[in-house]
Amino acid sequence: MKIAILSCFYPYRGGISQFNTNLFLELGKTDDVRAFNFKRQYPDILFPGKTQYVSADDEAIPVESVRLLDTVNPISYIRTLREIRAWGPDVLIVRYWMSWFAPSLGFITRRMRKNCKVISILDNVVPHERHFFDTPLTKYFLSGSDGCVTLCEAVSKDLLELKPDAAYTVIQHPLYSHFGAKKDRYAAEEALGLEHGKKTLLFFGLIRQYKGLDILLEAFKSLPEDYQLVIAGEPYGSFKSYQDIIDASGSKDRIHLFLKYIKDSQVSEYFSVSDLAVLPYRRATQSGISSVAYHFEVPMVVTDVGGLKETIGNRGTGLVCKEVNAESVAKEIRRFFADPSLRESRVDNIRPEQIRLSWANFSRKFHDFINSLPDHEK
């Protein structure tokens, strides 16, 4: 089977690019796969981080791709469509996570349906930070898909509200297993300049308002001296409001800041020092951070939003806060450390998830879904 994937690949950085790379490599074991990449993903003025690209010293996996699509330039839509058509795929896969991509991707998918099956992998249907134009643009995009793959039931629910007749399947986010093995904890603590023997909490990934870092910082105020908090990730926007909470907390010396994009080669250090990952999100669908935590066998405390309870709490791999506030987060953190058997059971439950959430299983279910869709008449 010839499969084209139109999305972001190397040299773009971040979780979606990493996901696409793993999917490309796994599908490539059984199929002829070609990557069609963005020439420009966002204008720099709309990108809240420092850069969209991997750095020269990063160890991200390079994937050979054809860089064509410029989301700002409609002429590139036509050029990309022609190139994909010329290659003649049986299946076109696209990723969708925000309405900015609806005009460009929708233009291509609506026209490619005449030539092949079009499958959309939906990270979000409703974006975390909403705008009035999201719904009409997303409906336009969805009209070009034969079938949709969601990564949790919460996204499927959003999908059916916009497209009740959608053909879809749910395949949970696979593990990010390309970050290497867990490191010796003591050595990793030395490398990061952390105090030894502390109960270590980890907030990992891009820092955005909906991810609730301020909630965790407020919760941390009530935790005793034997706790420390590691915050590792690049802020999208100003960090000042968080720094104000830290400065006023009385716990500043126990909060360790690594405010930068964490390169692939460094991810293992942060999870190797951590007892518990905390995801205090205000809104969520699924989380790629949980896939990293699973790989390193780090249990989680999460809030009951989006698909987090479904994918973590219901699997017994973490604890779920009843409310999205500092008191509830602090309560679950304390409960986790108060009972050693609780930690053991969560780690034990993560291990079968490492098998269930393999890329091989994702690929098999993906193929099953492709084959379940009717063929187009050519």
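Presented here is an overview of the structure given in this document. (Residues numbered from 1 in each chain as written. Predicted model: local features only at pLDDT ≥ 70, side-chain atom pairs only at ≥ 80, totals over all residues. Heavy atoms only, no water.)

1. With respect to unusual backbone geometry
Defined as follows: Here a strand is any run of E in DSSP of at least two residues, a helix any run of H or I of at least four, and the numbering for each starts at the N terminus.
Put simply, tyrosine 10 and proline 11 share a cis peptide bond, and its omega is 15 degrees. By secondary structure assignment, the location of proline 11 is in the loop between β1 (2–6) and α1 (15–27). In this structure, glutamate 297 is a non-glycine residue whose phi angle is positive, near 55 degrees. In this structure, glutamate 297 sits in the loop between α10 (288–295) and β12 (300–303).

2. As for the sheet that holds strand β2 (residues 32–40)
How we decide: Paired strands, in this sense, are two strands between which DSSP finds at least two bridges. Each axis is a line fitted through C-alpha atoms, taken for helices only over the stretch in contact, and angles between the N-to-C directions span 0 to 180 degrees. In this analysis, two residues are considered to be in contact whenever any of their non-hydrogen atoms come within 4.5 Å of each other.
Taken in spatial order, the seven strands of this open sheet run β3-β2-β1-β4-β5-β6-β7, and their pairing is parallel. The open sheet has two edge strands with one neighbour each: β3 (65–70) and β7 (168–170). Taken pair by pair, the neighbouring strands of this sheet meet at an average axis angle of 25 degrees, ignoring direction. Two elements, β1 and strand β4 (residues 91–96), share four bridges in a ladder whose sense is parallel. Within β4, the position partnered with isoleucine 3 by the bridge is valine 91. Packing of helix α4 (residues 134–142) onto the sheet brings it into contact with β4, β5 (117–122) and β6 (147–150), and relative to β4 it is tilted by some 165 degrees. Docked against the sheet, helix α14 (residues 359–372) engages β1, β4, β5, β6 and β7, running at close to 135 degrees with respect to β5.

3. What about the packing of helix α7 (residues 213–220) against helix α12 (residues 326–338)?
Let me state the cut-off plainly: Working rule for handedness: look at the near helix, and if it is turned counterclockwise from the far one by less than a right angle, call the crossing left-handed; if clockwise, right-handed. Just so you know the grouping, Ala, Val, Leu, Ile, Met, Phe, Trp, Tyr, Cys and Pro go in nonpolar, Asp, Glu, Lys and Arg go in charged, and all remaining residues, Gly too, go in polar.
α12 packs onto α7 with a crossing angle of 65 degrees between their chain directions and a minimal axis gap of 8 Å. Pair α7 / α12 crosses with right-handed handedness. Contacts between α7 and α12 involve Ile215, Leu216, Glu218 and Ala219 from the first element and Ala326, Val329, Ala330 and Ile333 from the second. In terms of residue class, the contact of α7 with α12 is made up of seven nonpolar, no polar and one charged.

4. Here we look at the pattern of salt bridges
Short version of the rule: Definition used for salt bridges: Asp or Glu carboxyl oxygen within 4 Å of a side-chain nitrogen of Lys or Arg. The classification of residues rests on relative accessible area computed with a 1.4 Å probe and restricted to protein chains. Under 20% of the type maximum is buried, over 50% is exposed, and intermediate values are partly exposed.
Counted by the stated rule, this structure contains 21 salt bridges. Salt-bridge contacts for lysine 29 lead to glutamate 26; the nearest nitrogen and oxygen are separated by 3.1 Å. On the accessibility criterion, lysine 29 (63% relative accessible area) is exposed. For glutamate 26, a relative accessible area of 14% gives the class buried. Taking the shortest distance from any N to any O, the salt bridge between arginine 351 and glutamate 297 comes out at 3.3 Å. Of this pair, arginine 351 sits in helix α13 (residues 340–356) while glutamate 297 sits in the loop between α10 and β12; the two residues are 54 residues apart in sequence, bridging distant segments of the chain. You can call glutamate 297 partly exposed: its relative accessible area is 23%. Linked through salt bridges whose partners overlap, the residues forming this network are Arg185, Glu189 and Asp275.

5. Focus: empty space enclosed by the protein
The condition is simple: The way it works is a 1 Å grid over only the protein atoms, where trapped points that fit a 1.4 Å probe form a cavity and open points with protein on both sides within 12 Å along at least five of seven lines form a pocket, and then any residue with an atom within 4 Å of a point lines it. Grid points are joined across faces, edges and corners, and a volume is the space filled by probe spheres set on the points.
Scanning the entire structure with this criterion turns up two cavities of 30 Å³ or more. Empty space within the largest cavity amounts to approximately 120 Å³. Every residue lining the largest cavity is counted, 14 residues in all, and those nearest its centre are Gln18, Thr21, Ala60, Ile61 and Asp264. Reported here for the second largest cavity is a volume of approximately 30 Å³. As for the second largest cavity, its lining consists of Gln172, His173, Gln286, Ser287, Ser290, Ser291 and Thr311. Residue composition of the lining of the second largest cavity, grouped by class: no nonpolar, seven polar and no charged.

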